Amino acid sequence: CTTSIASADTIDLNIVSGNPGGTYYYIGAAIASILSQKLPDVEVTTTATTGSPLENGTYTSRSTDTMGIFTLDGAYTAMKGDASRGFREPLTNLGMLVGGHELLLYAITLKDSGIKSHGDVKGKKIGIPVLGNTAYYQTVALLEEYGLKENKDYKSYPMTYAEQTDALKDGAIDVAYTGGGIPQAHAMELSTTKDVLFLSIDEDKIEVLEKKHPYWWISQIPANTYRGQDYPVNVFTSQVCLFANLGMDEELAYKITKTICESAAELKQIHIEAGKYSADTTKPLYESPVVPFHPGALKYYNEIWGK
């Protein structure tokens, strides 16, 4: 079954995004709004999910009317059928539409907790993203580099980002590990309402982490992004993209890709991270593909870059 532009008076599409209040969710809503405004006879909605590649990738693979926002490394492991990431079989029917924003792994604690480094998490209780979420795997990999094993050297509690925010405020956890862009709604709320400390990856860990995990890299949250954060913060980073089912009609995928890329300025006005879903962001992935593009998206990029 494929989505056909002429199959109905109105084409109803859905974008599976992320936790309500999180960056994914706002980006999904922004893209849905722009597409609904600019594409005649197309109505796009967004649906809140955990934001994990497992959930969003699976939803996208099951329906030609669904697009999904998830990480590049998540798509790669989905297409490989990486059982350790929860993929019992490869999801071979996914194709990239547009490259997007960076996903940063935040680690936030209260200033009076006594925790100054990721290494200080030993013996502590942490909020961790839901299993299957890229930020979950980043958290576990990061703490392993500090010699800490999950549920042996620290106790982890899978939570949504909103639940982590409340748990940190209430003292139920010592550190919140959450994913997001810049700004991140929950990080903003915590830094506004509490005196918090953002944990930074130590310089001597960066090279080995990037070597072990080449699909991630270390970037920085600039100083003074949040209240009381007067220092740059080194964080694990991955790229988030918009994907579609390969069964989506090629011309429809072309129009969606073209509309998003040509609306980057308007998307940025809705949410700063949404503006990163653009041709410029996608070009490095087009020149050195990590995963396949949807044929409709590839048609657009071939047009603008002359292949």
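Scroll up a little and you will see the structure.
Residues numbered from 1 in each chain as written. Predicted model: local features only at pLDDT ≥ 70, side-chain atom pairs only at ≥ 80, totals over all residues. Heavy atoms only, no water.

Draft legend 1. Representation of the nonpolar core in the model. In this structure, Leu-13, Met-67, Leu-97, Ile-256, Ile-260 and Tyr-277 are the most contacted members of the largest nonpolar core, which totals 50 residues. Element by element, the count of residues in this core is highest for helix H1 (residues 23-38), at 7 residues. Contact partners of Ile-260, with chain neighbours within four places excluded, come to Ile-31, Leu-35, Val-98, Leu-242, Leu-267 and Tyr-277. (Core = buried A, V, L, I, M, F, W, Y, C linked by side-chain atoms within 4.5 Å. Buried < 20%, exposed > 50% of the residue type's maximum accessible area, 1.4 Å probe, protein only. Helix = DSSP H or I, 4+ residues; strand = E, 2+ residues; numbered from the N terminus. Contact = heavy atoms within 4.5 Å.)

Draft legend 2. Representation of the packing of aromatic side chains. By the definition in use, this model includes 14 aromatic pairs. Judged by centre distance (6.1 Å) and plane angle (70 degrees), the rings of Tyr-254 and Tyr-300 are edge-to-face. In this pair, Tyr-254 sits in helix H8 (residues 250-261) while Tyr-300 sits in helix H11 (residues 295-305), placing the two residues 46 residues apart along the sequence. Note on accessibility: Tyr-254 and Tyr-300 belong to one class, buried. Ring-pair connections join several aromatic residues into one group, and the members of that group are Tyr-254, Tyr-286, Phe-293, Tyr-300, Tyr-301 and Trp-305. (Phe/Tyr/Trp six-rings, centres within 6.5 Å; stacked < 30°, edge-to-face > 60°.)

Draft legend 3. Just the side chain of Thr-282, in detail. Among the structural elements, Thr-282 can be located in helix H10 (residues 279-287). Engagement of the side chain of Thr-282 in a polar contact is seen with the backbone nitrogen of Gly-99, the distance being 2.8 Å. Once you skip the residues sitting within four places of it in the chain, Thr-282 turns out to touch Val-98, Gly-99, Phe-293, Tyr-301 and Trp-305. (Polar contact = N/O pair within 3.5 Å; in protein donor to acceptor, adjacent residues only side chain to side chain.)

Draft legend 4. Layout of the packing of H8 against H11. Relative to each other, H8 and H11 sit at 50 degrees, their axes nearing to 7 Å. Here H8 is positioned oblique relative to H11, judged by the angle of their axes. By crossing handedness, the relation of H8 to H11 is classed as right-handed. Note on element contacts: H11 touches H8 through Pro-295, Gly-296, Ala-297, Lys-299, Tyr-300, Tyr-301 and Glu-303, opposite Glu-250, Glu-251, Ala-253, Tyr-254, Thr-257, Lys-258 and Cys-261. Residues that form the contact of H8 with H11 fall into these classes: 7 nonpolar, 2 polar and 5 charged. (Axes fitted to C-alpha atoms, helices over the stretch in contact; angles between N-to-C directions. Parallel < 35°, antiparallel > 145°, perpendicular 65-115°, else oblique. Left-handed = near helix turned anticlockwise from the far one by under 90°. Nonpolar A, V, L, I, M, F, W, Y, C, P; charged D, E, K, R; others polar.)

Draft legend 5. Highlighting the pairing of strand S2 (residues 42-47). Side chains of S2 alternate between two faces, with Val-42, Val-44 and Thr-46 buried and Glu-43, Thr-45 and Thr-47 left unburied. Bridging between strand S1 (residues 11-16) and S2 involves 6 bridges; their strand directions are parallel. Bridging from a neighbouring strand, Leu-13 pairs with Val-44 of S2. (Pairing = 2+ DSSP bridges.)

Draft legend 6. Geometry of the pattern of salt bridges. Inspection of the entire model under this criterion finds 9 salt bridges. With a closest N to O distance of 2.8 Å, Glu-145 and Lys-212 form a salt bridge. Of this pair, Glu-145 sits in helix H4 (residues 134-145) while Lys-212 sits in helix H7 (residues 203-212), and the two are 67 residues apart along the sequence. A salt bridge links Lys-258 to Glu-262, with the nearest nitrogen and oxygen atoms 2.9 Å apart. Given a relative accessible area of 48%, Glu-262 falls into the partly exposed group. (Salt bridge = Lys/Arg side-chain N within 4 Å of Asp/Glu carboxyl O.)

Draft legend 7. Quick look at the packing of H1 against H8. Contact geometry of H1 with H8 gives a least axis separation of 10 Å together with a crossing angle of 110 degrees. Here H8 runs roughly perpendicular to H1, going by the angle between their axes. Viewed along their axes, H1 and H8 form a crossing whose handedness is right-handed. Residue-level contacts link Ile-31, Ile-34, Leu-35 and Lys-38 of H1 to Ile-256, Thr-259 and Ile-260 of H8. Classifying every residue of the contact of H1 with H8 by side-chain character gives 5 nonpolar, 1 polar and 1 charged.

Draft legend 8. Structural view of the environment of Ser-84. For Ser-84, the position within the fold is in the loop between helix H3 (72-80) and strand S4 (94-110). Taking relative accessible area as the criterion, Ser-84 reaches 57% and is therefore assigned exposed. At 2.5 Å, the side chain of Ser-84 and the side chain of Asp-82 are in polar contact.

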